[in-house]
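# An overview of the molecular structure
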Amino acid sequence: MTARAADRTRYDRATAHLDAPVAVVDLEAFDANADDLVRRAGGKPVRVASKSVRCRALLERVLARPGFAGIMSFTLAESLWLARAGFDDVLLAYPSADRAAYAELAADPKLAAAVTVMVDDPAQLELIDAARAGGTQEVRVCLELDTSLRLLGGRVRVGALRSPLRSPAQLAQLARSVARRPGFRLVGLMAYEGHVAGVGDSVAGRPLRSRAIRLMQATARRELAVRRAEVVRAVRAVAPELEFVNGGGTGSVQHTAAEAAVTEIAAGSGLYVPRLFDNYTSFTGRPAALFAQPVVRRPGVGVVTVLGGGYPASGAAGPDRLPVPYLPEGLRYDPQEGPGEVQTPLLGSPADDLLIGDKVWFRHAKAGELCERFDELRLIEGDRITATVPTYRGEGRTFL
């Protein structure tokens, strides 16, 4: 029996009393993935990206482990909710225009002490001030550095369109704007190198593309390491009490951690290890989060149909954004239909061994987005469910 077949036996046995659809997290795999992130971080703390987890119980579990400290959140409303729940170090990774949430932040000492907001434009500071509604608490601020790689004199750009701040001078100028403005305190810098951390460098069946990605990423790492160090020096000259410099992501943990200028690493997807993180040479994780759909039809030889399953992930549309049939091994989508909202045909010889009501296990393309489809996660240890915990959705929280 292969390791994957053994996992299927465990998951089927653990959930035999439950009807699908059902979502599970294998705690042994989750904890092993957490240990691997800490190992690769080389002694620097790992800040957990909440958008990749979206379950308070699992955020608490991983933050209780040595090597993890703090949360990187994705909306201001989520940040305040987490802070009220007792998480005392929440870095908002994206600028916000939520005026009502800013008013809450500026009015509450506990929230203001726990939450750090992201800015990359003086206009965002003006929006926050206009939204204070009389609140006088000092707002903790982090600046974001654009990490994109520019080639051929800037004519070629590789990386996400995020911050407009690229040079040490630009970051230092905004740092001075924060320092001069009453009611704000600059505490951090963030730089997310998504073109390194979030792009697999070993694409199955694409050796030339994989080599090109590795070359691009090596070039990007070298350029960013130099520029990030220069930016940190420039900003520290304005704000010498800077508390943290955050960088990285699941796919670049060990590389970013090697930079002396970086004080902490961000990661989250590496806990669940969705399918987008299968194609890396630098690490191998264990799939920890899966969902099952029930077989509801047997249209013919080598075909079964499961209920639903059409859960595409965000990003540029393409086959890599689709869930992948995982267990039993050997199933694939019908290219004429793909995964559907209400039914999904699956092809392959394993279909002939599946009965009506059996479960087919899938892996989502991205990590936390799976939790927007399910109210609960069943936590599995061995071949037993040891806990059932709510997702954000299960707690009535849909932040985006």
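Residues numbered from 1 in each chain as written. Predicted model: local features only at pLDDT ≥ 70, side-chain atom pairs only at ≥ 80, totals over all residues. Heavy atoms only, no water.

The name given to the chain in an unreviewed UniProt entry is Amino acid deaminase/aldolase, with Streptomyces salyersiae as the source organism.

## Looking at the overall build of the chain
Check the secondary structure of the chain and you find 12 helices and 19 strands. Relative to the 2.2 N^0.38 estimate, which gives 21 Å for 400 residues, the radius of gyration of the chain is 22 Å and therefore close to what a compact globule would have. The principal-axis extent of the C-alpha atoms belonging to the chain is close to 70 × 50 × 35 Å. The buried share among the 400 residues of the chain stands at 54%. A total of about 17,100 Å² of accessible surface is found on the chain, and carbon and sulfur atoms cover 52% of it. In the chain, which carries 51 positive and 46 negative side-chain charges, the distance between the mean positions of the two groups comes to 5 Å. (Helix = DSSP H or I, 4+ residues; strand = E, 2+ residues; numbered from the N terminus. Rg over C-alpha atoms; globule rule 2.2 N^0.38 Å. Buried < 20%, exposed > 50% of the residue type's maximum accessible area, 1.4 Å probe, protein only. Areas by Shrake-Rupley, 256 points an atom, 1.4 Å probe, with all protein chains shown as cover. Lys, Arg positive; Asp, Glu negative; His and termini not counted. Charge placed at Lys NZ, Arg CZ, Asp CG, Glu CD.)

## Quick word on the pattern of salt bridges
Scanning the entire structure with this criterion turns up 34 salt bridges. Two residues, E259 and R228, come together in a salt bridge whose shortest N-O distance is 2.8 Å. Of this pair, E259 sits in the loop between α11 (253-257) and β11 (264-267) while R228 sits in helix α10 (residues 207-238), and the two are 31 residues apart along the sequence. Each member of the pair, E259 as well as R228, is classed as buried. A salt bridge links D320 to R321; the shortest N-O distance between them is 3.7 Å. With a relative accessible area of 33%, D320 lands in the partly exposed category. Within this structure, D146, R150, R157, R166, E223 and R227 form a network of salt bridges that share partners. (Salt bridge = Lys/Arg side-chain N within 4 Å of Asp/Glu carboxyl O.)

## Some remarks on the packing of aromatic side chains
Each aromatic ring pair is characterised by the separation of its centres together with the angle its planes make. For the structure shown, the criterion picks out 13 aromatic pairs. Where W81 meets Y392, the ring centres are 5.1 Å apart and the plane angle is 85°; that geometry is what we call edge-to-face. Within this pair, whereas W81 is found in helix α4 (residues 76-84), its partner Y392 is found in the segment after β19 (384-390), the two being separated by 311 residues in sequence. With relative accessibility at 1%, the residue Y392 sits in the buried group. Between F291 and F374, the ring centres sit 6.1 Å apart and the planes meet at 45°, which makes this aromatic pair tilted. With F291 in strand β12 (residues 289-300) and F374 in the loop between β17 (359-363) and β18 (376-381), this pair connects stretches of sequence that are 83 residues apart. The residues F291 and F374 share a single accessibility class, namely buried. Among the aromatic side chains, those forming a connected cluster through ring pairs are F74, W81, Y392 and F399. Between the NZ or CZ atom of R47 and the centre of the ring of F244, over which it lies, the distance is 5.2 Å. One cation-aromatic arrangement involves R363 over Y326; the distance from NZ or CZ to the ring centre is 5.3 Å. (Phe/Tyr/Trp six-rings, centres within 6.5 Å; stacked < 30°, edge-to-face > 60°. Lys NZ or Arg CZ within 6 Å of the ring centre and 35° of its normal.)

## With respect to the nonpolar core
With 90 residues, the main nonpolar core has L58, V141, L143, Y272 and L377 as its most contacted residues. With six residues, helix α2 (residues 27-41) is the largest single contributor of residues to this core. Grouped together as the second largest cluster of nonpolar side chains are 12 residues, Y11, L18, Y326 and L327 included. (Core = buried A, V, L, I, M, F, W, Y, C linked by side-chain atoms within 4.5 Å.)

## Notes on the side chain of T305
Within the secondary structure layout, T305 lies in strand β13 (residues 303-307). With sequence-adjacent residues up to four places away left out, T305 is seen in contact with P294, V295, V296, R297, P299, Q343, T344 and P345. (Contact = heavy atoms within 4.5 Å.)

## A word on unusual backbone geometry
Backbone torsion omega between A20 and P21 reads 5°, so that peptide bond is classified as cis. With an omega of 0°, the peptide bond running from L327 to P328 counts as cis. Turning to its location among the elements, P328 is positioned in the loop between β14 (324-327) and β15 (332-333). Phi at R54 takes a positive value of approximately 55°, unusual for a residue other than glycine. The class for R54 is buried, based on a relative accessible area of 10%.

## Some details on the sheet that holds strand β4 (residues 90-92)
Taken in spatial order, the eight strands of this closed barrel run β2-β3-β4-β5-β6-β9-β10-β11, and their pairing is parallel. Averaged over all neighbouring strand pairs, the angle between strand axes comes to 30°, with direction disregarded. In the packing of α4 onto the sheet, the strands contacted are β3 (68-73), β4 and β5 (115-119), and the crossing angle to β5 comes to about 165°. Along the sheet, helix α8 (residues 168-180) contacts β5, β6 (139-144) and β9 (184-191); its crossing angle with β6, the most-contacted strand, is approximately 170°. (Pairing = 2+ DSSP bridges. Axes fitted to C-alpha atoms, helices over the stretch in contact; angles between N-to-C directions.)

## Quick notes on helix α7 (residues 122-131)
In an α-helix, one turn spans 3.6 residues; hence positions three or four apart end up facing the same way. Taken together, the buried positions of α7 are Q124, L125, L127, I128 and A131. Along the axis of α7, the buried positions cluster into a sector of 160°, meaning they face one direction only. Elements that come into contact with the buried residues of α7 comprise α5 (99-107), β5, β6, α8 and β9. The N-capping residue of α7, defined by a side-chain oxygen 2.8 Å from the backbone nitrogen of A123, is D121. (Arc of directions from axis to C-beta. Polar contact = N/O pair within 3.5 Å; in protein donor to acceptor, adjacent residues only side chain to side chain.)

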